[in-house]
Amino acid sequence: MTATTHCPDFDFQQGCWTVHHRRLKARLANCTDWETFPGTSEQRPVLGGNGNIEDNLLHLPGGDYRAIAVRSYDPASGTWAIWWLDDRNPHALDTPVIGRFENGTGSFYADDMHEGRPVRMRFLWLRTDTERPRWEQALSADGGATWETNWTMDFTRA
């Protein structure tokens, strides 16, 4: 058995949170209509601190659903992988985004598909040194030259 050193990057998010979601009603469609809804989140470490699970309850206008983010850290590359799984499609893990934290900002990327076309996906973790961290999701249809932020989550300690 090998011992690993704990990676503190996601320590800021441990515990229980209330979440303010803001999401575009349509993605990559020149949409400017946003919907907002509440949620809750609870994150706990796993893998000796080199991973975590974030359990979410989202109260969308069309109905509630539960989801988890599963994160794992690779000390050899210094990168994290983040997967998303939710109860609307309980046998499908989303394509993982991979990245790292630098200067308090986490940037994570993946090549994915949106409505049958290839896109670049980006997750950002911002304000991680405050009591109100923010997560943002964006898509790019041009390989990352331009980005459309389509979902934000603002966290407040519960």
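Look above for the structure.
Overview of the structure.

### Concerning the side chain of Asp154
Argument step 1. Mapped onto the fold, Asp154 is located in strand β10 (residues 148-157).
Argument step 2. Asp154 sits in the buried class, given a relative accessible area of 9%.
Argument step 3. Polar contacts involving the side chain of Asp154 include one to the side chain of Arg127, which spans 2.8 Å.
Argument step 4. Not counting chain neighbours up to four residues away, the residues in contact with Asp154 comprise Thr18, Val19, His20, Arg127, Arg132, Pro133 and Arg134.

### Some remarks on the nonpolar core
Argument step 1. Core analysis: the largest hydrophobic core is formed by 26 residues, its most contacted members being Phe10, Phe108 and Trp125.
Argument step 2. It is strand β8 (residues 117-126) that provides the largest number of residues to this core, a total of four residues.

### A short note on the sheet that holds strand β6 (residues 97-102)
Argument step 1. Taken together, the ten strands give a closed barrel; going around it, the order is β1-β2-β3-β4-β5-β6-β7-β8-β9-β10, and neighbouring strands pair in antiparallel fashion. For this sheet, the mean angle separating the axes of adjacent strands, direction not counted, is 25°.

Rules behind the numbers
- Residues numbered from 1 in each chain as written.
- Predicted model: local features only at pLDDT ≥ 70, side-chain atom pairs only at ≥ 80, totals over all residues.
- Heavy atoms only, no water.
- Helix = DSSP H or I, 4+ residues; strand = E, 2+ residues; numbered from the N terminus.
- Buried < 20%, exposed > 50% of the residue type's maximum accessible area, 1.4 Å probe, protein only.
- Polar contact = N/O pair within 3.5 Å; in protein donor to acceptor, adjacent residues only side chain to side chain.
- Contact = heavy atoms within 4.5 Å.
- Core = buried A, V, L, I, M, F, W, Y, C linked by side-chain atoms within 4.5 Å.
- Pairing = 2+ DSSP bridges.
- Axes fitted to C-alpha atoms, helices over the stretch in contact; angles between N-to-C directions.

By themselves, these are just geometric observations and shouldn't be taken as functional.
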